[in-house]
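This is what each chain is made of:
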Amino acid sequence: MPFEIFFATGNKNKFDEAKLYLERNIRGLILKQLTGDFPEIQAGTLEEVARFKILAATKQCTGNIFMEDAGLFIPVLNGFPGVYSSQVKKMLDCKGILKLMEEYKSLDKREAYFEACDCLFMPASNEFKTFSGRIDGTIAFEERGKNGFGFDPIFVANEPRGNKKTFAEMTNEDKIQISHRSRALQKLKDFIVQQRKLPA
Ligand code: IMP
């Protein structure tokens, strides 16, 4: 039996990645995009932001729905841009991050990770569940690649082993094998499969 889930996001790239992953991995699922104005709070964790954002979305949609908050974390910058990633992307962009990283020449100082937190609301169970995923890597020395969005051109994942490509040099297909988003979505998928007693 086909069933629908709405992904509340204005970001077409995020939606395409999630659709590719979830429709392939949950039999009968149709992922739909819910666009709208979902206010964000400034909070200390991705989970707090995701939980807040989904409240507005549940007022606009009575179906199964999830929302994501994600960010790029750079330990040598004390986790910056982290929960501020979307504003920092608009204000400083990839070039600004590269500038901040100029004094850090060694790869161990250029470590970084992407993290995503998805918050799901299914009216049948009437509860909010969160799922997170992370991918470790390093900040490149220059922007490379045209695919993807956000900080993709400056992030080089540690996987697959020996990888030298930025996320923006990978196809969506390659990115969803390892990304923070698909790792969070994998947990969300396991939960849905179990809730609906679907074959895994
Ligand atoms: P938000 O989850 O929409 O608030 O997005 C946070 C910001 O983090 C985005 O605007 C991007 O700049 C960045 N970001 C989150 N996930 C990714 C990704 O998969 N690739 C590149 N940038 C990302």
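**Regarding the packing of aromatic side chains**
Overall, the coordinates contain seven aromatic pairs when judged by the stated rule. Ring centres of Phe131 and Phe191 lie 5.7 Å apart, and the angle between their planes is 50°; on these two criteria the pair is classed as tilted. Residue Phe131 is located in strand β5 (residues 127–139), and its partner Phe191 is located in helix α6 (residues 180–195); the two are separated by 60 residues in the primary sequence. Assigned by exposure class, Phe131 and Phe191 land together as buried. Put simply, the rings of Phe114, Phe155 and Phe167 pair up and form one aromatic cluster.

**Some details on the pairing of strand β2 (residues 29–34)**
Inspection of the sheet shows strand β1 (residues 3–8) paired to β2 by six bridges, in the parallel sense. The residue of β2 that forms the bridge with Phe7 is Gln33. Tracing the backbone out of β1, into helix α1 (residues 12–25) and back to the parallel element β2 gives a crossover that is right-handed.

**Regarding the site of the ligand**
The environment of the ligand is made up of 17 residues, and the closest members are Lys14, Ala70, Asp152, Lys175 and Arg181. A distance of 3.0 Å separates an oxygen atom of the ligand from a polar side-chain atom of Asp69. Within the backbone of Ala70, a nitrogen or oxygen atom sits 2.8 Å from an oxygen atom of the ligand. Starting from 480 Å² of accessible surface for the ligand in isolation, the protein chains cover 92%. Counting only elements with at least two residues in the shell around the ligand, the list comes to β3 (65–73), α3 (85–91) and α6.

**Examining the pattern of salt bridges**
Counted according to the given criterion, the structure contains 19 salt bridges. Where Arg144 meets Glu169, a salt bridge forms, and the shortest distance between an N and an O atom there is 3.2 Å. Taken together, the positions of Arg144 in the loop between β5 and β6 (155–157) and Glu169 in the loop between β6 and α5 (172–178) put the pair 25 residues apart, joining distant regions of the chain. Overall, the relative accessible area of 25% leaves Arg144 in the partly exposed class. Sharing partners across several salt bridges, the network here consists of Lys14, Glu17, Glu68, Asp152, Lys175 and Arg181.

Scoring rules and cut-offs
- Residues numbered from 1 in each chain as written.
- Predicted model: local features only at pLDDT ≥ 70, side-chain atom pairs only at ≥ 80, totals over all residues.
- Heavy atoms only, no water.
- Phe/Tyr/Trp six-rings, centres within 6.5 Å; stacked < 30°, edge-to-face > 60°.
- Helix = DSSP H or I, 4+ residues; strand = E, 2+ residues; numbered from the N terminus.
- Buried < 20%, exposed > 50% of the residue type's maximum accessible area, 1.4 Å probe, protein only.
- Pairing = 2+ DSSP bridges.
- Right-handed = clockwise from strand over helix to strand, strands pointing away.
- Near = heavy atom within 4 Å.
- Polar contact = N/O pair within 3.5 Å; in protein donor to acceptor, adjacent residues only side chain to side chain.
- Areas by Shrake-Rupley, 256 points an atom, 1.4 Å probe, with all protein chains shown as cover.
- Salt bridge = Lys/Arg side-chain N within 4 Å of Asp/Glu carboxyl O.

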